[in-house]
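Coordinates in review
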Amino acid sequence: MADTVPLPLYETVTIRMPIRRASEIGILLLLITLLAYRILSLTDYGLAWLLALLCESFFTLLWVATISTKWTPVEYKTYPERLSQSVQELPPVDMFVTTADHVLEPPIITVNTVLSLLAVDYPAHKLACYVSDDGCSPVTCYSLVEASKFAKLWVPFCKKYKIPVRAPFRYFSNIDHTSSGDGSIEFQRERKKMKDEYDELCRKIKDKSSGSWDLNGDYSVFHNTERRNHPTIIKVICENKGGVAEELPHLVYISREKQPHHPHHYKAGAMNVLTRVSGLMTNAPFMLNVDCDMYVNNPKVIRHAMCLFLGSNDEMETGFVQCPQIFYDGIKDDPFGNQLTVLHKYLGSGIVGIQGPFYGGTGCFHRRKIIYGLCPTDIGKQVSPVHANLNQKELLKIYGNSKLFTKSAACALQGKIHGFRFSNLSDLAAAEAGVVAACTYEHGTGWGTQVGLQYGTATEDVMTGLVIQSRGWKSRFCSPQPPAFLGCAPEGGPESFVQQKRWATGLTETLVSRRSPIFGAIYGGLQLRQCVAYLWVLLWALRSIPELCYASLPPYCILTNSAFLPKVGEAGMYIYAALCTVYAFYTLSEYLETGLSAREWWNNQRMGRINATNAWFFGLVSVVLKILGIAEPGFEVTQKNERSSDISDVDAGRGKFNFNESPIFLPGTTLVLVHFTAMAGGDRTGLGEWVFTVIVMICFWPFVRGLFRRGKYGIPMSTIYMSAVLTFIFVHLSKASIGWLRL
Ligand SMILES: O=c1ccn([C@@H]2O[C@H](COP(=O)(O)OP(=O)(O)O[C@H]3O[C@H](CO)[C@@H](O)[C@H](O)[C@H]3O)[C@@H](O)[C@H]2O)c(=O)[nH]1
Ligand SMILES: [Mn+2]
């Protein structure tokens, strides 16, 4: 019988969107026509006209970057059921979960993520789950110990009945999981038992979280520890000693050493410790990284990712595999614009079609050797690939002073899957793992620069992905149905801003660093269009300047009786109106095509303006302060809430815009006050400026309302006073500028 060729593990699907492309070019032509019109009539108008020209030039460049990024969208279809024909043995995977604060990130959320990982549909003896706790919390550790006991019942139950969602809080919530189980009496009985056991687990965790408890026995190591000052604590909670596929994967708790004056590099530092400890313990060739709030929603996810890794002949094609970030229990119509559905769909699939998706920090599978700094050109070489011909001494310098670890790293770099593996995790935990988790271990080594996740940015994910792609690696996107992972998006208000500000800070830090995509494209292996795609994202914070400026032009014009828009009846007005109309329909159609509402489109447009002028602006400010050496930006963790879908949005007040004392709300409040002042006491000017003012006011409606409310839904008086002062200065300067310009 002739050998049958195994079917491909994945297919590449090119998405064609001719109408979209035509509209994108149409918008570009309108933008260019508008710029030309502005330049030709520059001498007839004043300062406002020139500022508008500068802002619109910036927007046009961004649009060019948008078109380039969206131009060749691609999708992958994976076939995990074909793996058994093509692959003799599935490779091991080390799974990392990071948590940082048991108050902001309640342990039950981390527990659910861990349970969903332990229960994935993959041979258990090929898996190990490592949890990093930057909060050094005995409650988190206790929760994991209790969770591992529950897992002994939960995992077999999930596998026996092919439960579709293996995070218990979701499975037991009111969401319809009718397809699960076989409906038999036996199933009903077991399900009831699971539910009782899970409730008991929740109760135990809640008890420990609410009261103080005697830290004795297993938990005495947490005695006298502080978040920022404690020795390394490593606990092997569960060990699959016999290497049995049907048992549970290893589960290890790690709280790395912290000392007050040692930088710990936030999540990147935690991930690097996880990489090293797991390198000593299991050294799997693939590593999966999830945030504590991102549970596995598709139990076959590792198999889907393996289709992409193992299905292509060239390793260079799949340096890492990223799954989309999708959020559960999003608020209806996405009032805070933080679900990013449309952004991921259109811009995301465009990037997938260039050099592959960015590393998004969670839901990502890496080849271990890539995190160790391997370049695609060095695959298969015997020596360390960071620089060719490294001897043991130089290796120790890059990877740190642990011979055992460098040995394990050398195995990983050379692609020897089982080259190095300890049989007894617990013995090892006491010794070498403690060494590599110490806070001084990285001193003078390549961690955070040459190897591991990158330091020096609040968005270590984007920068690390950029460094990998600058070395010439490509990445792949894994988007199975149902979605691979689901996570928490901030509830809105201040938290959402904190996150946007952190991202804007981190992206700007990356932009101005020596890792900048521009260098990556000139000196490294970053493709030109990939570089443009990175720039599109990294320019977020800088966008705040033209956005603020553009939004201030109408009140400026009303106050000074000047114009930044063509008058009604002039040719320029038609260009401008056509541009706005086509752009609005183009963006609206993206939402409707994705199955989202027009309301969501509007909410996202509005939040786009609000985020850019407030959170992104402060992101920029924090980078400027960092460069001036005044303040170092940190990593503010966002609050996660355990929700179940039966909370109604209205009851919980979700979706309502709330404020706090943070200066982040200053620009928005000032803009609104400036517009009010202009409307009340401005000179006459063109219709366009007035229409624009009304549009800005509608965009910033949450701020307008916030002015007249008190409590958490109102803008604090201190912010309003500050904004009033800024408004006074703006009005004064605007009036004064008339005189200056005449001189
Ligand atoms: O000192 C720290 C700070 C944070 N974290 C963890 O980092 C993850 C992300 O923190 P979160 O507050 O949820 O931030 P998000 O903005 O939701 O995270 C996105 O953006 C981050 C970069 O800003 C990436 O690190 C994340 O992977 C990505 O999901 C969480 O698991 C935290 O526990 C740590 O382990 N140590
Ligand atoms: Mn998060």
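The model shown is predicted, which means the values in this text are computed figures rather than measured ones. (Residues numbered from 1 in each chain as written. Chains lettered and ligands numbered in written order. Predicted model: local features only at pLDDT ≥ 70, side-chain atom pairs only at ≥ 80, totals over all residues. Heavy atoms only, no water.)

Of the regular secondary structure elements, the protein chain holds 26 helices and 12 strands. Relative to the globule expectation of 27 Å for 743 residues, the C-alpha radius of gyration of the protein chain, 27 Å, shows essentially globular dimensions. Expressed as lengths along the three principal axes of its C-alpha atoms, the size of the protein chain is roughly 85 × 60 × 55 Å. Of all 743 residues assigned to the protein chain, the portion counted as buried reaches 57%. Pairs at least 24 residues apart make up 82% of the contacts formed inside the protein chain by residues separated by at least 6 positions. (Helix = DSSP H or I, 4+ residues; strand = E, 2+ residues; numbered from the N terminus. Rg over C-alpha atoms; globule rule 2.2 N^0.38 Å. Buried < 20%, exposed > 50% of the residue type's maximum accessible area, 1.4 Å probe, protein only. Contact = heavy atoms within 4.5 Å.)

Another point: the pairing of strand β7 (residues 286-291). Across the six residues that make up β7, a large majority, five, are buried. As paired elements, strand β3 (residues 93-99) and β7 share six bridges and run parallel to each other. Looking at the pairing, Val-93 lines up with Phe-286 of β7. Here β7 runs beside strand β10 (residues 364-367); their pairing, made up of four bridges, is antiparallel. Counterpart to Met-287 in the pairing with β10 is His-366. (Pairing = 2+ DSSP bridges.)

The subject of this paragraph is a positive patch on the surface. The grouping of Lys-656, Arg-705, Arg-709 and Lys-712 at the surface amounts to a positive patch. Inspection of the secondary structure puts Arg-705 in helix α25 (residues 701-707). (Patch = residues over 30% accessible without salt bridge, like charges linked within 9 Å, V, L, I, M, F, W, Y side chains within 5 Å. Areas by Shrake-Rupley, 256 points an atom, 1.4 Å probe, with all protein chains shown as cover. Salt bridge = Lys/Arg side-chain N within 4 Å of Asp/Glu carboxyl O. Lys, Arg positive; Asp, Glu negative; His and termini not counted. Charge placed at Lys NZ, Arg CZ, Asp CG, Glu CD.)

Quick look at the UniProt feature "binding site: Mn(2+)" (unreviewed entry) in the protein chain now. Per the UniProt record, "binding site: Mn(2+)" (unreviewed entry) is annotated on Lys-267 and Asp-291. These annotated residues cover 25 residues of sequence, but their C-alpha atoms sit close together, with the largest distance between any two at 9.6 Å. Within the secondary structure layout, Lys-267 lies in helix α8 (residues 266-281). Not counting residues up to four positions away in its chain, the partners in contact with Lys-267 are Thr-98, Asn-289, Asp-291, Gly-361, Glu-460 and Phe-635. (UniProt positions renumbered as here; feature names shortened; annotations may be inferred.)

In the vicinity of ligand 1 lie 24 residues, with Asp-134, Lys-267, Asp-291, Glu-460 and Lys-640 positioned nearest. Between an oxygen atom of ligand 1 and a side-chain N or O atom of Lys-267, the distance comes to 2.7 Å. Trp-503 has a polar side-chain atom sitting 3.1 Å from an oxygen atom of ligand 1. In the complex, 97% of the free accessible area of ligand 1, which totals 680 Å², lies under the protein chains. Listing elements by their share of the shell around ligand 1, those giving two or more residues are β3, α8, α15 (460-470) and α16 (493-511). With three residues, the top contributor of residues to the shell around ligand 1 is α16. (Near = heavy atom within 4 Å. Polar contact = N/O pair within 3.5 Å; in protein donor to acceptor, adjacent residues only side chain to side chain.)

Attention shifts here to the nonpolar core. One finds Val-93, Cys-129, Trp-154, Ile-302, Phe-365 and Phe-485 to be the most contacted residues of the largest nonpolar core, which totals 84 residues. Among the elements that make up this core, the one with the highest residue count is helix α5 (residues 138-160) (11 residues). The residues touching Cys-129, leaving out its near neighbours within four places in the chain, are Met-95, Val-97, Val-114, Leu-117, Leu-118, His-250, Leu-251 and Val-252. Ranked by size, the runner-up nonpolar core spans 70 residues in total, among them Trp-49, Ile-331, Leu-507 and Leu-673. (Core = buried A, V, L, I, M, F, W, Y, C linked by side-chain atoms within 4.5 Å.)

With their axes 10 Å apart at the nearest point, helix α1 (residues 18-40) and helix α2 (residues 47-70) run at an angle of 160 degrees to one another. Here α1 lies roughly antiparallel to α2, going by the angle between them. Seen along the crossing, α1 lies across α2 with a hand that is left-handed. Across the interface between the two elements, Glu-24, Ile-27, Leu-28, Leu-31, Leu-34, Leu-35, Tyr-37, Arg-38 and Ile-39 of α1 pack against Trp-49, Ala-52, Leu-53, Glu-56, Ser-57, Thr-60, Trp-63, Val-64, Ile-67 and Lys-70 of α2. (Axes fitted to C-alpha atoms, helices over the stretch in contact; angles between N-to-C directions. Parallel < 35°, antiparallel > 145°, perpendicular 65-115°, else oblique. Left-handed = near helix turned anticlockwise from the far one by under 90°.)

Before going further, it helps to spend a moment on the packing of aromatic side chains. Across all of its chains, the model carries 49 aromatic pairs by this definition. For the pair Phe-497 and Phe-665, a centre-to-centre distance of 5.1 Å together with 65 degrees between the ring planes defines the contact as edge-to-face. Here Phe-665 lies in the loop between α22 (615-627) and α23 (666-681) and Phe-497 lies in helix α16, a separation of 168 residues in the sequence. Owing to a relative accessible area of 1%, Phe-497 belongs among the buried residues under this scheme. On the basis of relative accessible area, Phe-665 is assigned to the buried category, the value being 1%. (Phe/Tyr/Trp six-rings, centres within 6.5 Å; stacked < 30°, edge-to-face > 60°.)

Here we take up the UniProt feature "binding site: UDP-alpha-D-glucose" (unreviewed entry) in the protein chain. UniProt's feature table lists "binding site: UDP-alpha-D-glucose" (unreviewed entry) at Glu-105 and Asp-134, given in the numbering used throughout. A maximum C-alpha distance of 11.2 Å among these annotated residues, which run over 30 residues, shows that they cluster at one spot. With respect to the helices and strands, Glu-105 occurs in the loop between β3 and α4 (107-118). Classification of Glu-105 as buried rests on a relative accessible area of 6%. Apart from the residues within four sequence positions on either side, Glu-105 is in contact with Thr-99, Ala-100, Thr-110, Cys-292, Val-637 and Lys-640. A distance of 2.9 Å separates a polar atom in the side chain of Glu-105 from a polar atom in the side chain of Thr-99. Summarising the element assignment, Asp-134 is placed in the loop between β4 (127-133) and α5. Taking the relative accessible area as the measure of exposure, Asp-134 reaches 9% and is therefore buried. Setting aside anything within four residues of it in sequence, one finds Asp-134 in contact with Thr-99, Ala-100, Arg-227, Arg-256, Lys-258, Tyr-266 and Ala-270. At 2.9 Å, the side chain of Asp-134 forms a polar contact with the side chain of Arg-256.

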